[in-house]
Amino acid sequence: MTTVAEIVADDLCVGCGLCEAVTEGRVQMAMTSSGSLRPTPLDAFSASEEQKIIDCCPGVVAEARATEDMPLDEIWGHHGTMRYAWAANTDVRFEAATAGVLTSLGQYLLRSDTAAFVFHTGADPDQPMRSRWVISETPAEVQANTGSRYGPTAPLAGLERALGRNEPFAVIAKPCDLGALHRLSSLDPRINRLVVARLAMVCGGQSRLSKSRLLLEQLGVDESAVSLFRYRGHGNPGPTRVETSVGDVFEIGYLQMWEDEGTWDVETRCKLCPDALGEAADVAVADVWPGGAPTGEDEGFSGIIVRSAIGESLIADAASEGCIVLGEPISPRSFDDMQPHQVRKKAALAARYEGLRDAGASPITTHGLRIEELGRRLPPDAAKTQRSGTAERIREARS
């Protein structure tokens, strides 16, 4: 049997917080020296807890929540509505990442009494460069926790707290988090009973905290002096902004922060992610920059991908109530152009999983995500490079 310790040793843990939820806090997520969140201690699971985690862990398995009566695109999966969208509230649209659609949907679910709270993430007020799970009960609280968090997050660490309230709630999280939630729902009936909406951002990968630490080092700022660390927003895409307790303010443009992909220090599991597109969500929201990167600031636009009847109703109702604005339709091939890195990764995954096998690690088991079919798109020489590179990374992780 695969164990949690083996997943961590192979660097396939993404730090989602599932281990903390399943053990009700006995195992907690802790920051490693390399800037990742990992379950600690690794020897504190009961046999039944460990089996439950293995059945749902994003480092082991990923599964689409397929809606069979929706069109299927080989890359983007089953989908209904695909179109441009943005927050109707100009403040939300400006402050939030990706035009504020996820924030606005969370606010709408509270205002309509569909949800008693929104379970999502926000900056840790005691360590603003870091993130934590939060429960927002009012639209103002949702807005206060708006904006993408590019460092490590463990939203599922608070799942037991959320479920224990026995109230309907919405979840805003990364695709891998929602994938684990979906798998767990077959073992915990409270999830399907209480979670009224599953909302995801299309994800380019989770950076380790080392990326943010490097920025502070370049600025000459100690983390203990940071009073605000905003990764983006206050514009689209908006700058990364750092404020200190002594009044210093630094802003770094989005492209300057992220132009060198070699400095992202993305989790290994993210490079192997079979579902960065949110196929376990009701609605997934993506950046929509032609070519895959912004050329400057704009008013804020996002692309929505609806994946369920719940998602269709939510989008229609939120638009009707004036919470979001719906723009022109987007085709899957247009999404290819606006998210080209996702298309490349999808085609490379089958070869990367062979590299896992070569290194003696178990590849992620996938259901309904078309990994083998997409892998046939990759030329043999490129597949060989992807396979050998993955094997090397896993061997390095174990050394």
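Residues numbered from 1 in each chain as written. Predicted model: local features only at pLDDT ≥ 70, side-chain atom pairs only at ≥ 80, totals over all residues. Heavy atoms only, no water.

**Student:** Explain the packing of aromatic side chains here, please?
**Tutor:** The way to describe two aromatic rings as a pair is by their centre distance and the angle between their planes. Per the stated rule, a full pass over the model turns up 10 aromatic pairs. Between tryptophan 86 and phenylalanine 301, the ring centres sit 5.3 Å apart and the planes meet at 80°, which makes this aromatic pair edge-to-face. Of this pair, tryptophan 86 sits in strand 6 (residues 82-87) while phenylalanine 301 sits in the loop between strand 14 (283-287) and strand 15 (302-306), and the two are 215 residues apart along the sequence. According to the relative accessible area criterion, tryptophan 86 is buried, its value standing at 17%. Linked through ring pairs, Tyr150, Phe229, Tyr231, Trp258 and Trp264 together constitute an aromatic cluster. (Phe/Tyr/Trp six-rings, centres within 6.5 Å; stacked < 30°, edge-to-face > 60°. Helix = DSSP H or I, 4+ residues; strand = E, 2+ residues; numbered from the N terminus. Buried < 20%, exposed > 50% of the residue type's maximum accessible area, 1.4 Å probe, protein only.)

**Student:** How do you make sense of the nonpolar core when you look at a structure like this?
**Tutor:** What tends to happen in soluble globular proteins is that the nonpolar side chains get buried as a cluster. Leu18, Ile53, Leu159, Phe169, Val171 and Leu178 are the most contacted members of the largest nonpolar core, which totals 55 residues. The element best represented in this core is helix 8 (residues 175-185), accounting for five residues. Among all residues touching phenylalanine 169, those that are not within four sequence positions of it are Ala115, Phe117, Phe119, Leu159, Ala162, Leu163, Leu194, Val195, Val196 and Ala197. Judged by nonpolar contacts, the second largest core, of 23 residues, contains Val118, Ile172, Leu199 and Ile315. (Core = buried A, V, L, I, M, F, W, Y, C linked by side-chain atoms within 4.5 Å. Contact = heavy atoms within 4.5 Å.)

**Student:** Teacher, can you tell me more about the environment of histidine 341 here?
**Tutor:** Assignment of secondary structure puts histidine 341 in helix 15 (residues 340-358). Given a relative accessible area of 29%, histidine 341 falls into the partly exposed group. For histidine 341 and glycine 204, which are 137 residues apart along the polypeptide, the C-alpha to C-alpha distance reads 8.0 Å.

**Student:** Explanation requested: the side chain of glutamate 49 in the structure shown.
**Tutor:** Among the secondary structure elements, glutamate 49 is positioned in helix 3 (residues 47-56). When neighbours within four sequence positions are excluded, glutamate 49 is seen to be in contact with Val22, Thr23, Arg26 and Ala44.

**Student:** What should I look at first to understand the packing of helix 5 (residues 101-111) against helix 13 (residues 309-320) in this one?
**Tutor:** Between two packed helices, both the angle of their axes relative to each other and the distance between the axes serve to describe the pair. Contact geometry for helix 5 and helix 13: axes closest at 10 Å, N-to-C directions at 85°. In terms of axis orientation, helix 5 runs roughly perpendicular to helix 13. Of the residues in helix 13, those in contact with Leu105, Tyr108 and Leu109 of helix 5 are Leu314, Ile315, Asp317 and Ala318. A breakdown of the residues in the contact of helix 5 with helix 13 according to their chemical character gives six nonpolar, no polar and one charged. (Axes fitted to C-alpha atoms, helices over the stretch in contact; angles between N-to-C directions. Parallel < 35°, antiparallel > 145°, perpendicular 65-115°, else oblique. Nonpolar A, V, L, I, M, F, W, Y, C, P; charged D, E, K, R; others polar.)

**Student:** Explain the sheet that holds strand 6 to me, please; I cannot follow it from the model alone.
**Tutor:** Pairing between the strands of a sheet comes from backbone hydrogen bonds, and it takes one of two forms, parallel or antiparallel. Taken together, eight strands build an open sheet; the order of strands is 8-7-9-10-14-15-6-16 and the sheet is mixed. Each edge of the open sheet is held by one strand with a lone partner, namely strand 8 (127-136) and strand 16 (324-329). Neighbour-to-neighbour, the strand axes of this sheet turn through a mean angle of 25°, independent of strand direction. Pairing between strand 10 (residues 195-201) and strand 14: three bridges, direction parallel. Across the sheet, leucine 199 pairs through a bridge with valine 283, a residue of strand 14. Lying on the sheet, helix 5 is in contact with strand 6, strand 7 (117-124), strand 8, strand 9 (169-173), strand 10, strand 14, strand 15 and strand 16; it crosses strand 10 at an angle near 170°. The strands touched by helix 13 within the sheet are strand 10, strand 14, strand 15 and strand 16, with strand 16 carrying the most contacts at an inclination of about 115°. (Pairing = 2+ DSSP bridges.)

**Student:** Just to check I follow, could you spell out unusual backbone geometry for this structure?
**Tutor:** Backbone geometry follows two general trends: most residues other than glycine have a negative phi, and most peptide bonds adopt the trans configuration. The residue after threonine 40, namely proline 41, is reached through a cis peptide bond having omega -5°. The residue proline 41 is located in the loop between strand 2 (37-40) and helix 3 in this model. Asparagine 236 connects to proline 237 through a cis peptide bond whose omega is 5°. One non-glycine residue with positive phi stands out, namely glutamate 24, at about 55°. Within the secondary structure, glutamate 24 sits in the loop between helix 2 (18-22) and strand 1 (28-31). Owing to a relative accessible area of 64%, glutamate 24 belongs among the exposed residues under this scheme. Positive phi is not limited to glycine here, since arginine 370 has a value of about 65°. Mapped onto the elements, arginine 370 comes out in the loop between strand 17 (365-367) and helix 16 (371-375). A residue is classified by how much of its surface remains accessible, and arginine 370, at 10% relative accessible area, is buried.

**Student:** Looking at this structure, how should I read the sheet that holds strand 13 (residues 249-252)?
**Tutor:** In spatial order, the strands read 11-12-13; together these three strands make up an open sheet with antiparallel pairing. Pairing within the sheet leaves two strands with one partner each, and these edge strands are strand 11 (226-230) and strand 13. Mean inter-strand twist for the sheet, computed between neighbouring axes without regard to direction, equals 10°.

**Student:** Which parts of the structure should I look at to understand the pattern of salt bridges?
**Tutor:** Pairs may arise between side chains of opposite charge once their charged atoms sit close together. The full count for this structure, using the stated rule, is 26 salt bridges. In this structure, the salt-bridge partner of arginine 232 is aspartate 287, at a minimum N-O distance of 3.1 Å. Taken together, the positions of arginine 232 in the loop between strand 11 and strand 12 (240-244) and aspartate 287 in strand 14 put the pair 55 residues apart, joining distant regions of the chain. For the residue pair arginine 232 and aspartate 287, the accessibility class agrees, reading buried in each case. Salt bridges linked by common partners bring Asp11, Arg38, Arg208, Asp265 and Glu267 together as one network. (Salt bridge = Lys/Arg side-chain N within 4 Å of Asp/Glu carboxyl O.)

Worth remembering: the numbers are spatial, not functional.
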